[in-house]
Amino acid sequence: MTVGPLASLQRRITAADTLILAGVRDAKTLKRSLRSRLAAAFREGRLASDGSNLVWHEDKLVPLPGGRRERVVAVIGGIEINRKRDPSLAHFLRSDGAWFDFHIDLRPHDGTHQQHRGDLELVGYGYEIRFPEVLGCSVPWLRFDLNHPAHDNELRDVRAHFHPGDDDLQAPSAVLHPEEALELLLCDLLRLPDKRRRSTAAL
Amino acid sequence: MLIPSVSLRLLESTGGPAWYLITVPEGTEHGVAAELHAEIVAQGGSACVWPGHELGSAPVTIMVIAGDAVSKLPAYLDTHRSTLANWGVLAFVIEHDAAGRFLHDAPHVASFVGGRVIATTAEDDDAPPEYVARRLNSLREAYGMTDAQAREAFESGRHADDIYFLEWMVLLEGARSGG
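Residues numbered from 1 in each chain as written. Chains lettered and ligands numbered in written order. Predicted model: local features only at pLDDT ≥ 70, side-chain atom pairs only at ≥ 80, totals over all residues.

To continue, consider the overall build of chain B. Looking only at helices and strands, one finds nine helices and five strands in chain B. Overall, chain B is about 70 × 30 × 25 Å in size when its C-alpha atoms are taken along their principal axes. Out of the 179 residues in chain B, the part that is buried amounts to 40%. Partitioning the intrachain contacts of chain B with sequence separation of at least 6 by distance along the chain shows that 75% fall at a separation of at least 24. (Helix = DSSP H or I, 4+ residues; strand = E, 2+ residues; numbered from the N terminus. Buried ≥ 20, exposed ≤ 12 C-beta atoms within 10 Å, placed from the backbone. Contact = placed C-beta atoms within 7 Å.)

Dropping the structure here:
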């Protein structure tokens, strides 16, 4: 099979070591780190409320197609699926009014990389942040997805991607560690200061 | 208040004497103290837990007041409050009902604690049943399927590549096993 440039990119960004959460062997450890960061963000004034109680998980053996059972961990930040972007549903609210939620599926690494046997590995995720009109962003929302390995998108070479405010538009993305993703949502997805934007525009 | 938030509150108080009364369900005193210790370390801080560690050996001292200590410690703490003040942040972990007696028997400690009384529980591994129920409802609505239809579709290979279906199966297993 011919390996196109995007397939090569896909292979690089979803290499095993980007999917494995080194040293994270159980959902409780991951949940604790995410809750800690959220609590700290509230204290720092980045979040309008302490949403750490919205991070929860289930860790179960799930029957897979073909009769096999596999341990799967679901870590959820929020409660309901919010495809209609309804702000009345539970979410994390930043102090600037942007709001987000997320969900992550993981499984134990199969031991292909011996040193990571037992560490959790990302199967998929979705992190979506919405920007209210008052923030003046030209993009109303942004979503980072990691699709299931067998999803159609992987065949189209974009398993890890982001949607810039349009479900039909996607661009390749790095695979985000949950702590990295949360940090992006909390801190770094801010508009550039006016001064910096002007200097960038002049380039 | 969840353990991460309690821990953060304690860490933010380091640098000066501050006493907290952390009230917990009966029988969870030692578990909560261990969780607080782990959480503080996870947040980059340092804490000691009594009994076990030397009192005052870290910026945050967590004292478990349980068993005999509930009746024996208040008078001692009240008398030695000046020494204890040098230990920086001091968090007494005590059962909810015993907390009232403790403050009554140690009036000076009570004045040191002031309004810094926080109720918490040990971290629960189980997902909140209400959250699971609401999430499952939203999955059913989003896909227009019952749980049985979703399970059948998933196990037969349809939607096996959809991470929402994987999550759906995990939540169903959780609901079936009671959390």
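From this point, things continue past the structure.
All names here are of chain A. Counting buried residues along strand 7 (residues 141-146), five of its six residues qualify, which places the element largely inside the surrounding structure. By the bridge criterion, four bridges tie strand 7 to strand 8 (residues 160-163) in an arrangement that is antiparallel. Within strand 8, the residue paired with L146 across the bridge is A160. (Pairing = 2+ DSSP bridges.)

This brings us to the interface of chain A and chain B. Every contact between the two is made by 34 residues of chain A and, on the other side, 31 residues of chain B. Only helix 3 (27-44), strand 2 (55-63), strand 3 (69-77), strand 5 (99-108) and strand 6 (120-130) of chain A provide two or more residues apiece to the side of chain A that touches chain B. In terms of residue count, the dominant contributor to the side of chain A that touches chain B is helix 3 of chain A (eight residues). Within the side of chain A that touches chain B, the residues separate by chemical class into 14 nonpolar, ten polar and ten charged. (Nonpolar A, V, L, I, M, F, W, Y, C, P; charged D, E, K, R; others polar.)

Further remarks concern helix 3 (residues 69-79) of chain B. Residues and elements named next belong to chain B. The complete set of buried residues in helix 3 reads A69, L73, P74 and L77. Along helix 3, the residues classed as buried sweep out an arc of 115° about the axis, all on the same side. Residues of helix 3 that are exposed and angled more than 90 degrees away from the buried face: K72, A75 and Y76. Buried positions along helix 3 lie against strand 3 (60-65), helix 4 (81-84), helix 5 (96-105) and helix 6 (107-113). (Arc of directions from axis to C-beta.)

Residue and element names in this part refer to chain A. Counting buried residues in strand 5 gives seven out of ten residues, a clear majority hidden from the surface. Bridge count between strand 3 and strand 5: five bridges; the pairing is antiparallel. Each bridged residue has a counterpart across the sheet, and for V75 the counterpart in strand 5 is I104. In this sheet, strand 5 lies alongside strand 4 (residues 92-93) in antiparallel orientation, the contact comprising two bridges. Bridge pairing links L93 to W99 in strand 5. Here strand 4 folds back onto strand 5, and the loop between the two strands holds five residues, one of which, G97, carries a positive phi near 100°.

Our focus in this paragraph is the environment of L136 of chain B. Residues and elements named next belong to chain B. Inspection of the secondary structure assignment puts L136 in helix 7 (residues 129-143). For L136 and H80, which are 56 residues apart along the polypeptide, the C-alpha to C-alpha distance reads 54 Å. Once residues within four sequence positions are removed from consideration, L136 is found in contact with D147, L171 and A175.

All names here are of chain B. Spatially, the five strands line up as an open sheet ordered 2-3-4-1-5, and their pairing is parallel. Bordering the open sheet on either side are strand 2 (47-50) and strand 5 (117-119), each of which pairs with just one other strand. When the angles between neighbouring strand axes are averaged without regard to direction, this sheet yields 20°. Sheet analysis places strand 2 next to strand 3, joined by four bridges and oriented parallel. Residue pairing in the sheet places W50 in a bridge with M63 of strand 3. (Axes fitted to C-alpha atoms, helices over the stretch in contact; angles between N-to-C directions.)

This paragraph deals with unusual backbone geometry. Between W50 of chain B and the following residue, P51 of chain B, the backbone shows a cis peptide bond with an omega angle of 0°. Mapping P51 of chain B onto the fold places it in the loop between strand 2 and strand 3. One non-glycine residue, R85 of chain A, lies in the positive phi region at around 55°. By the secondary structure assignment, R85 of chain A is in the loop between strand 3 and strand 4.

Let's shift gears to the environment of G56 of chain B. Residue and element names in this part refer to chain B. When you line up the elements, G56 lands in the loop between strand 2 and strand 3. Take G56: there are 15 C-beta atoms within 10 Å of it, and that puts it in the partly exposed class. Sequence spacing of G56 and L103 is 47 residues, and the spatial spacing of their C-alpha atoms is 21 Å. With residues up to four places along the chain from it excluded, the contact list for G56 reads T61 and W87.

The next subject is the environment of D145 of chain A. Residues and elements named next belong to chain A. With respect to the helices, strands and loops of the structure, D145 is situated in strand 7. For D145, a count of 20 C-beta atoms within 10 Å puts it in the buried group. For the pair formed by D145 and R69, sequence separation is 76 residues and the distance between their alpha carbons is 25 Å.

Spanning 14 residues, helix 9 (residues 163-176) of chain B covers 20 Å between terminal C-alpha atoms, matching the ideal 20 Å at 1.5 Å per step. For helix 9 of chain B, the set of buried residues is I163, Y164, F165, L166, E167, W168, M169, V170, L171, L172 and G174 of chain B. At its buried positions, helix 9 of chain B is contacted by strand 2, strand 3, strand 5 and strand 6 of chain A together with helix 7 and helix 8 (147-155) of chain B. (Expected span 1.5 Å × (residues − 1).)

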